[in-house]
Amino acid sequence: VEEGLYGKLAFLTAGPRVDALTGALNLEVEQTLAEKERFRVYLVYYALALLILIGYLVARLRAINIGLEQRVAERTRELSQALKSLKESESQLIQSEKMSSLGQMVAGVAHEINTPLAYVKNSLGSVKASLPEIESALGENDKLLALLSADGVDEHRLNEQFARVREQSEQIKGHSVLQNLSGLVGDGLYGIDQIAELVTNLKDFSRLDRSKVSSFNLNDGVASTLSLARHLLKSVDVRQELGKIPAITCSPSQVNQVLLNLVTNAAQAVEGSKGVITIATRTVDASHVAVEIADNGKGIPPEVLPKIFDPFFTTKGPGRGTGLGLSIAYKIVTDHGGKLDVASKVGVGTKFTVMLPIKLAPAQAPAA
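Just so you know, these numbers come straight off a predicted model, no measurement behind them. (Residues numbered from 1 in each chain as written. Predicted model: local features only at pLDDT ≥ 70, side-chain atom pairs only at ≥ 80, totals over all residues. Heavy atoms only, no water.)

Caption draft 1: Structural context of the pairing of strand E7 (residues 349-357). For E7, a buried count of 7 out of 9 residues is recorded, marking the element as mostly surrounded by other parts of the structure. Bridge count for strand E5 (residues 288-295) against E7 is 8 bridges, and the pairing is antiparallel. Directly across from Val291, in E7, lies its bridge partner Val354. In terms of strand pairing, strand E6 (residues 339-345) meets E7 through 7 bridges, oriented antiparallel. From the neighbouring strand, Ser344 faces E7, where its bridge partner is Thr350. Counting the residues in the hairpin turn of E6 and E7 gives 3 residues, including Gly347, whose phi is positive at 85°. (Buried < 20%, exposed > 50% of the residue type's maximum accessible area, 1.4 Å probe, protein only. Helix = DSSP H or I, 4+ residues; strand = E, 2+ residues; numbered from the N terminus. Pairing = 2+ DSSP bridges.)

Structure (structure tokens):
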């Protein structure tokens, strides 16, 4: 039966087609497998190339990173050197501005020194004029002592010498020589004290160790500033309203520079008018004190007011200002952890307020 059925199937047309289909399917499978193998080889080569590329990129990035680190280190050194140079230049600029301020007041300070110097000169001249009379009296006293010490002295000569000594003494008393000498010496000492005070103020103001921090009372700073600026304030009514304030920790040289700059500006603002400058000190709170310097000058226009702390900005004529005074004053105050405020009204006047901390934080130590 099976052989008969098989024989019948052999004559059917589907048999060859199944064979052909099977052959085609086998061929397609073989082609697919070959293509997969080819893609597998491509993938291996691609992965290998990718690994080589990644290795190259890693090496390249490492080299770039090393170069970048070197450039960053070099740039950091350059910036550090530039910052150091900038700080040195800033210090020199501040010192130059201070010396410029001192130069402008040299003539006035010289006059202030000449006045007490005249006391000393006149006092010494008067003392010198009185010395011959005193020397003569001392000489007569020496002669009297010699006669008293000698044996067998003539009584007549002794009486004559007594009379001369008495006459000299009466003459000295009549001329009030000793009292005059005492007054002359006092005048001379007063003049020397004034000169010493001016010299000390100048030395404190021009000192180079600007970063030196110490205890300082703003009232003493006001007194020192007014002493230095006395020649600018001869025609100005200066009113002092100094309160009882605690000493602060600061750089006295820098704070004095701020006060002198503000007082000088106030004196220049009231020129040609009946000027009044009011200086007041007060305790703001438990950790701050303030000094206010107000004038009744022409005031600052509103469009100019925001620019007054800008470096090199000035409304003064040529030769009267560099435009650095207020800028440096602002920096000094902020470096101390304080505030410098201004209020002004045209035709009424201007008031600057300097507020400083009583205790200076270590991070706020002013730079030299």
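Caption draft 2: Region of the structure containing the pattern of salt bridges. Tallying each qualifying case throughout the model produces 5 salt bridges. Put simply, Glu37 and Arg40 hold a salt bridge, and the shortest N to O gap is 2.4 Å. Taken together, the positions of Glu37 and Arg40, both in helix H2 (residues 14-104) and 3 residues apart, correspond to about one turn of that helix. As a salt-bridge pair, Arg239 and Asp237 come within 3.0 Å of each other at their nearest N and O atoms. (Salt bridge = Lys/Arg side-chain N within 4 Å of Asp/Glu carboxyl O.)

Caption draft 3: A look at the packing of aromatic side chains. Scanning all chains against the criterion turns up 2 aromatic pairs. Between Phe39 and Tyr42, the aromatic rings sit 6.2 Å apart at their centres with planes inclined by 85°, giving edge-to-face as the arrangement. Within this pair, Phe39 and its partner Tyr42 are both found in helix H2, separated by 3 residues, close to a single helical turn. Under the relative-accessibility criterion, Phe39 is labelled partly exposed at 47%. If you follow Arg38 out to its NZ or CZ, it ends over the ring of Phe39, 5.9 Å from the centre. (Phe/Tyr/Trp six-rings, centres within 6.5 Å; stacked < 30°, edge-to-face > 60°. Lys NZ or Arg CZ within 6 Å of the ring centre and 35° of its normal.)

Caption draft 4: Representation of the sheet that holds E5 within the structure. One open sheet holds the 5 strands; their spatial order is E2-E4-E5-E7-E6, and the pairing between them is mixed. In this open sheet, the two edge strands, each paired with only one partner strand, are strand E2 (237-242) and E6. On average, each strand axis in the sheet is tilted by 15° relative to the strand beside it, whichever way the strands run. For E2 and strand E4 (residues 276-285), the ladder comprises 6 bridges, and the chain directions are parallel. Looking at E4, one finds that Leu242 is bridged to Thr281. Packing against the sheet, helix H7 (residues 252-269) makes contact with E4, E5, E6 and E7, and its axis sits at approximately 20° to E5. (Axes fitted to C-alpha atoms, helices over the stretch in contact; angles between N-to-C directions. Contact = heavy atoms within 4.5 Å.)

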